[in-house]
Amino acid sequence: MPLVAGTRLGPYEVVAPIGAGGMGEVYRARDTRLQRDVAIKVLPERLAANAQALARFEREARVVAALSHPNILAIHDVGREGATAYAVMELLEGATLREELRGGPLPVRRAAELAAHVAEGLAAAHEKGVVHRDLKPDNLFVTRDGRLKVLDFGLAREEGGAGPPGSGTESPTLVRETDPGTVVGTVGYMSPEQVRGDSVDHRSDIFSLGCVLHEMLTGRRAFLRDTSAETMTAILREDAAPLDESGRAIPPALARIVTHCLEKKPEQRFQSARDLAFDLASLSESSGASAPALSTARPGRGWRWLAAALAAVLLAGLSYRAGRGAAVREAAPPPRTRFMQITDLPGIESTPSLSPDGKTLAFVVRGHGNADVYVQRVGGHNPLNLTTDCAKDDTGPAFSPDGERIAFHSECEGGGVFVMGATGESRRKVADAGHDPAWSPDGGSLAVASEPLHNPLARRIQSVVSIVDLAGGASRRLLEQDAVQPAWSPDGRRIAFWGLRGGMGGGGTRDIWTVAAEGGEPVEVTNDPHLDWNPVWSSDGRRLYFASGRNGALNLWRVAVDTATGRTTGAPEPVTMPTRVTASFSLSREGERLAFESREERSGLYRVAFDPERGRLAGAPELVLGGSRVISSVGLSPDGEWAVFTSGGLQENVFVVRMDGTGYRQLTDDAFRNRGPGFSTDGSLISFYSNRSGRYEVWTMHPDGSNLERFSQTEVGSQWYPEWSPDGKLIAVPGLPTTRMLDPAKAIGERIVLELPALPDGTVFHAVSWSADAKRLAGMGLRRDGSSGGVWMYGIDSRRYERVTTSGRIPHLLADGKRLVYYDNDGELRFLDTTSGRSEQLVSIGWTGQTNNRDFRVSRDNRQIVFARVENEADIWLMSPE
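A. Structural detail: the overall build of the chain. Check the secondary structure of the chain and you find ten helices and 58 strands. For the chain, with 882 residues in total, the buried portion stands at 59%. Of the roughly 33,700 Å² of accessible surface on the chain, a fraction of 48% belongs to carbon and sulfur atoms.

Encoded structure:
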């Protein structure tokens, strides 16, 4: 029976119906806790009453909800209200691709872009073992801002047979089962193996996407026949209708992609949706699907190449907005762009630097040990390690303007900035401190930052930029405000950098500025809530390229800048790149080449049994929750039954999940940075810190996400990672300028009752955990350069510190207050008995490059450890004109 407006399903109030079908009704509803509109799908009674079907629905909802990809419809919640079972999803504004296609075929560029969006979403699903199996225009949604979302990842599986014979692809979705021999999918978009009833894998989705792309380009279905039976026969035995029969000029490269998707045998198709997405994003043979090029050259041929590419992009956009009902003239082909993967080592290759001629690449490789600087010829396959004689980290390489030298940071010889020959010879120290060196155009000076940057979302300290004179070794501070990743303009006039607006005590907004090379007042390049970082000048100095999350993914943008004044002369423009997360750019002075880092970062939530008496694990780690999101901090409920965590990346929200993987739910959904969640002592509240008030403060809410309230209020500094004492009487809150003690019984403006002193070595004490008797605090030292100063104990009564280790971080005290588990510098969890000194390696959870997050928790009974295991992969790619 349809629901009426005002009906309550848990905390959701039905507003109006959206649509209905065989798989249930969909309604617009209001989430009364978070005050946001959502979409609710109500399951048919026949499924809601079937215990097996309902269990499968909830299980699959958890799997899809964990995907968390911008091209996949987000699932917020599942629940039951009496006999009514429902799923809560994000509410989309726009139209399905089916509705878009009623106006005829799409412009070629637009079709390729949307297909790339689909492929990206599929890739995220396939990597987690989720196959869609019913991809079609009806299940693809184009939002008002032009993004595409993949819907219906098999969440509600209809039991029963096929519908009556109909007209080709208008037939309904057939039986949705998992066993071989059962037909699965929608007629006209099925793969041959689906038609035969064989087992299917991710390559079946690639065939279906080929059908959809064919239809976007031609306006006709690839295997359209008069009946369903004839359509399925055509899928098995015939080729798709030729693309040129549509009378449109389809780029040959795009036609080959469609053909490759529609191969009858799975092993002859694209073998991954990730490869398909890359090819769609980096087509180089037609105007309809080429990535725009970028300027890396002086005025002349390179500038004309860029102008032509930009013109083609703008014309393509105008033709799309003009409407598909009328004939539009396709844009002229832009110059072709080529993408090439340069490195393929296991692990992380990062921070590339191209030599001025664009023929040699310097970069950093971090395996299981320390980081080293490598060089490799572009197109070659034999990287050379230049820093094998240093057993500590070597990072941030930068070629000199003449290509003869490389500047870099090293932890050897006490740490500092070094310069060596381009093949590693004649290394010498030029400064005692500094990171991410940037050369002046004359090669006589370096601009360096004081903070080592591993992750733009996990800043550690207030950083300053200084200028180092290589001849005399003198150093001068360039400016006072927070600044990292300096970049010197080619004419030597200005230095670009990014930093935290308001510093470490501000609201966490990342923006870009430039400042005159001799110092002075910085001029802002960006001033918006987006993540903007990694500025790099074009070789002619007319534009500043930078990484930004303003389009929903970390990608490349550019803006015109007048180096005489530092002012921008236009709005930021996107530059299409073939990967979803792109960073660490380097432009050659010649050859119009761009090197960049392509990142893949994900983590899973695990639990493992722990024997506190023996100080050893009592079993193997078990996966609680997987997915494509990055879990950046973890908290546990007092009874150990629930975990609360934060998602990393551009959107940082708070989630909860039971330790058996059920009950997964998102509690916040906004553009603020919501971090460091944990439960109060009695479990009635979840506390976290957020910049929603303009600076980082502590906030609380109920475990169901309701009653969001500000908990702390300070005039200076920031509040991070609230940690409740076992008796609930105090909350330790690390931050700047120090760790503070808050009394929850006092009024909000009066809760700070104690500020802890600095550590004996002058570093900041970052509190992490309490002893069971609330008499001791374990924490870590946070040095000025962001590195860990080891594990420390603080006595609440004595108000004195005791050093436990010289390295490591995130110490969690066990019940006796004398033993602990901490995270060492190599990504390992270790057990330590502070009385006997016995130390035991427990489990590797991966190197994150971060100092002050909560990667793991020990349960209150000390019987289990919950942690987020990080999986990182990064390779270096090259973009260049053909």
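B. The state of the cysteines, seen in detail. One pass over the full model with this rule turns up one disulfide. Take Cys211: it sits in no disulfide, and the sulfur closest to it among the cysteines is that of Cys261, at 9.2 Å. Its relative accessible area of 2% is what places Cys261 among the buried residues.

C. Local environment of the packing of aromatic side chains. Tallying each qualifying case throughout the model produces 19 aromatic pairs. Between Tyr689 and Tyr696 the ring centres are 5.3 Å apart and the planes differ by 75 degrees, which places this aromatic pair in the edge-to-face class. Side by side, Tyr689 and Tyr696 carry an identical accessibility label, which is buried. Note on Phe765 and Tyr794: the rings are 6.3 Å apart at their centroids and 40 degrees apart in plane angle, and the pair reads as tilted. Pair noted here: Phe765 is in strand 49 (residues 764-770) and Tyr794 is in strand 51 (residues 788-795), with a separation of 29 residues, a long-range link.

D. Local environment of the pattern of salt bridges. Enumeration according to the criterion identifies 47 salt bridges in this entry. For Arg144, the salt bridge goes to Glu93, with nearest N and O atoms at 3.7 Å. Residue Arg144 is found in the loop between strand 8 (140-143) and strand 9 (148-150), and its partner Glu93 is found in the loop between strand 6 (84-90) and strand 7 (94-96); the two are separated by 51 residues along the sequence. A relative accessible area of 70% places Arg144 in the exposed class. Via salt bridges that share partners, Arg28, Arg30, Asp37, Glu93 and Arg144 belong to a single interconnected network.

E. Just the sheet that holds strand 45 (residues 731-733), in detail. As summarised here, the arrangement of the four strands in space is 44-45-47-48, forming an open sheet in which the pairing is antiparallel. Where the open sheet ends on each side, the last strands, each with one partner, are strand 44 (723-724) and strand 48 (752-755). Here three bridges tie strand 47 (residues 740-742) to strand 48, and the two strands are oriented antiparallel to one another. Looking at strand 48, one finds that Leu742 is bridged to Ile752.

F. Structural detail: unusual backbone geometry. A positive phi is found at Asn707, a non-glycine position, where the angle reads about 55 degrees. The topology assignment puts Asn707 in the loop between strand 41 (697-701) and strand 42 (709-710). Overall, Asn707 belongs to the partly exposed group, its relative accessible area being 44%. We note that Ile810 has phi near 50 degrees; this positive angle belongs to a residue other than glycine. With respect to the helices and strands, Ile810 occurs in strand 53 (residues 809-813).

G. How the structure looks around the sheet that holds strand 55 (residues 828-833). With antiparallel pairing, the four strands of this open sheet are ordered in space as 53-54-55-56. This sheet does not close on itself; its edge strands, each paired only once, are strand 53 and strand 56 (839-844). Here the strands of the sheet are splayed against their neighbours by 25 degrees on average, with no regard to which way each runs. Two elements, strand 55 and strand 56, share five bridges in a ladder whose sense is antiparallel.

H. Expanded view of the pairing of strand 8. Burial along strand 8 is two-sided: the face carrying Leu140 and Val142 and the face carrying Phe141 and Thr143 are both buried. Summarising the sheet, strand 7 and strand 8 pair through three bridges and their orientation is antiparallel. Within strand 8, the position partnered with Ala95 by the bridge is Val142. In the sheet, strand 8 pairs with strand 9 via three bridges, with the strands oriented antiparallel. By the bridge assignment for strand 9, Phe141 is matched with Lys149.

I. Structural context of the pairing of strand 20 (residues 445-449). Counting buried positions over the five residues of strand 20 gives five, a clear majority of the element. With burial as the criterion, each face of strand 20 is covered, one bearing Ser445, Ala447 and Ala449 and the other bearing Leu446 and Val448. Here three bridges tie strand 19 (residues 435-439) to strand 20, and the two strands are oriented antiparallel to one another. From the neighbouring strand, Trp439 faces strand 20, where its bridge partner is Leu446. Hairpin connection between strand 19 and strand 20: a loop of five residues separates the two successive antiparallel strands, and Gly443 in this loop has a positive phi of roughly 75 degrees. As paired strands, strand 20 and strand 21 (residues 465-469) are joined by five bridges and run antiparallel to one another. Among the inter-strand pairings, Val448 is bridged to a residue of strand 21, identified as Ser466.

J. The arrangement of the nonpolar core in detail. Among the nonpolar cores identified, the biggest contains 74 residues, and Leu213, Met216, Leu217, Leu276 and Leu605 are the most heavily contacted of them. Among the elements that line this core, the one with the most residues is helix 4 (residues 108-126), at eleven residues. Each residue touching Leu213, except ones within four places of it in the same chain, is listed here: Ala111, Ala115, Leu254, Val258 and Leu280.

K. Local environment of the environment of Pro726. Residue placement: Pro726 occurs in the loop between strand 44 and strand 45. Along the sequence, Pro726 and Trp770 sit 44 residues apart, while their C-alpha atoms lie 7.1 Å from each other. Other than its neighbours up to four places away in sequence, Pro726 contacts Thr681, Trp770, Ser771, Ala772 and Ala774.

L. Looking closely at the confidence of the model for the chain. Mean pLDDT over the chain: 83, with 86% of residues reaching 70 or higher. Looking over the chain, one finds the lowest element-wise mean pLDDT in helix 10 (residues 301-321), namely 30, and the highest in strand 16 (residues 405-410), namely 98. Confidence over residues 155-184 falls short of pLDDT 50; this stretch has 81 contacts with residues more than four positions distant or in other chains. Per-residue pLDDT stays below 50 along residues 848-852; that stretch engages in 22 contacts with residues further than four places along the chain or on separate chains.

M. Inspection of helix 7 (residues 228-237) at higher detail. Turning to helix 7, its buried residues are Ser228, Thr231, Ala234 and Ile235. In a view along the axis of helix 7, the buried residues occupy a sector of 120 degrees, so they form one face of it. At its buried positions, helix 7 is contacted by helix 5 (192-196) and helix 6 (202-218). A distance of 3.2 Å separates the backbone nitrogen of Glu230 from a side-chain oxygen at the start of helix 7, and that oxygen is part of Thr227.

N. Spatial organisation of the packing of helix 4 against helix 6. Relative to each other, helix 4 and helix 6 sit at 165 degrees, their axes nearing to 10 Å. For the element pair helix 4 / helix 6, the angle class is roughly antiparallel. As for the relative orientation of helix 4 and helix 6, their crossing is right-handed in sense. Along the contact surface, helix 4 presents Val108, Ala111, Leu114, Ala115, Val118, Ala119, Leu122 and His126, while helix 6 presents His202, Asp205, Leu209, Leu213, Met216 and Leu217. In terms of residue class, the contact of helix 4 with helix 6 is made up of eleven nonpolar, two polar and one charged.

O. A look at the packing of helix 6 against helix 8 (residues 252-261). At their nearest, the axes of helix 6 and helix 8 sit 8 Å apart, and the two run at 140 degrees to each other. Here helix 8 runs oblique to helix 6, going by the angle between their axes. Where helix 6 crosses over helix 8, the handedness of that crossing is left-handed. Residue-level inspection shows Ile206, Phe207, Gly210, Leu213, His214 and Leu217 of helix 6 in contact with helix 8, the latter providing Leu254, Val258 and Cys261. Considered class by class, the residues forming the contact of helix 6 with helix 8 number seven nonpolar, two polar and no charged.

P. Spatial organisation of the environment of Gly94. As for its position among the elements, Gly94 is in strand 7. A C-alpha to C-alpha distance of 7.2 Å links Gly94 and Phe141, two positions 47 residues apart in sequence.

What counts and how
- All residue numbers here refer to positions counted from 1 along the written sequence of the relevant chain.
- Reporting of local features is limited, given that this is a predicted model, to residues whose pLDDT is at least 70; pairs of side-chain atoms are given and counted only at 80 or more, and all residues count toward the totals for whole chains, interfaces and linings.
- The side-chain numbers reported here are obtained from all heavy atoms of the structure, hydrogens and water having been left aside.
- Put simply, DSSP marks the helices as runs of H or I at least four residues long and the strands as runs of E at least two long, and each gets a number from the N terminus on.
- Exposed residues in this analysis have more than 50% of their type's maximum accessible area, buried residues have under 20%, and partly exposed residues fall in between, with area computed by a 1.4 Å probe over protein chains only.
- The method behind every accessible area is Shrake-Rupley, applied with a 1.4 Å probe, and residues are considered shielded solely by the protein chains displayed.
- Put simply, a disulfide is two cysteine sulfurs that come within 2.5 Å.
- Each Phe, Tyr or Trp ring (for Trp, its six-membered ring) is paired with any other whose centre lies within 6.5 Å, and the angle between the two planes then decides the class: stacked below 30 degrees, edge-to-face above 60, tilted in between.
- Every case where a carboxyl oxygen of Asp or Glu lies within 4 Å of a side-chain nitrogen of Lys or Arg is listed as a salt bridge.
- Here, a strand pair is defined by DSSP locating no fewer than two bridges between the strands.
- Each axis is a line fitted through C-alpha atoms, taken for helices only over the stretch in contact, and angles between the N-to-C directions span 0 to 180 degrees.
- Within this scheme, the nonpolar core is defined by two criteria: the residues are buried Ala, Val, Leu, Ile, Met, Phe, Trp, Tyr or Cys, and they are joined through side-chain atoms within 4.5 Å.
- Contacts were defined at the residue level, with two residues in contact if any of their heavy atoms lie within 4.5 Å.
- One number per residue, pLDDT, summarises how confident the predictor is, and it ranges from 0 to 100.
- Note that the arc is defined by the directions from the helix axis to the C-beta atoms.
- In the analysis that follows, any N or O atom pair within 3.5 Å is treated as a polar contact, provided that within protein one partner can donate a hydrogen and the other can accept it, and provided that, for residues neighboring in sequence, both atoms belong to side chains.
- By the definition adopted for this analysis, an angle is roughly parallel if under 35 degrees, roughly antiparallel if over 145, roughly perpendicular if from 65 to 115, and oblique otherwise.
- Here is the rule for handedness: rotate from the far helix to the near one, and if that takes an anticlockwise turn smaller than a right angle the crossing is left-handed, while a clockwise turn gives right-handed.
- In the scheme used here, Gly and all other residues not listed as nonpolar or charged are polar, with Ala, Val, Leu, Ile, Met, Phe, Trp, Tyr, Cys and Pro taken as nonpolar and Asp, Glu, Lys and Arg as charged.

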